[in-house]
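An overview of the molecular structure
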Amino acid sequence: MLNSRSLEIGRIIKNILSQDTLLSKQIGTKIYPLVADKGTNFPFIVYRRDGVTPSSNKDSLVYDVTVRMSLIIASSDYKQGLDLLSRTIDTLLQELPKETDCTDIEILDTSEEYRDDTFLQLLSIGINIKNK
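With respect to the overall build of the chain
Scanning the chain for helices and strands turns up four helices and five strands. Reading the secondary structure of the chain in the N-to-C direction produces α-α-α-β-β-β-α-β-β. In the chain, of all internal contacts separated by at least 6 residues, the share reaching a separation of at least 24 is 57%.

Here it is, written out as structure tokens:
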């Protein structure tokens, strides 16, 4: 059985990123699930849960869950996007494991795109959550 913590990890990530003073200076409160509001000024972050994979033992008891998440940093300036990506990674690596049930975070991939006059920095992470 999945715990609610694994399904609500996006909210936890948003709270952690919102509390970082360096990120807040640049993006304010512009961290959105799935899609940013139309007309949102740059820069901003969008996050989504890509999947949840439970781990079980021979007795079929779920002992932990891995949640895959994507974060997209949108900016009008390439360097600013890279700086925000770097700060986002640092913040998550420092703060997320401190969450009670989060035992590990792994950077799975990063990539970048340019679309509709927007620089996009894409971050894929995996988060292990201990099932209680």
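A look at the environment of Ser24
You can see Ser24 is positioned in helix α3 (residues 21–27). Using a relative accessible area of 26% as the deciding quantity, one classes Ser24 as partly exposed. With residues up to four places along the chain from it excluded, the contact list for Ser24 reads Leu17 and Ser18. At 2.8 Å, the side chain of Ser24 forms a polar contact with the backbone oxygen of Ser18.

Conventions we followed
- Residues numbered from 1 in each chain as written.
- Predicted model: local features only at pLDDT ≥ 70, side-chain atom pairs only at ≥ 80, totals over all residues.
- Heavy atoms only, no water.
- Helix = DSSP H or I, 4+ residues; strand = E, 2+ residues; numbered from the N terminus.
- Contact = heavy atoms within 4.5 Å.
- Buried < 20%, exposed > 50% of the residue type's maximum accessible area, 1.4 Å probe, protein only.
- Polar contact = N/O pair within 3.5 Å; in protein donor to acceptor, adjacent residues only side chain to side chain.

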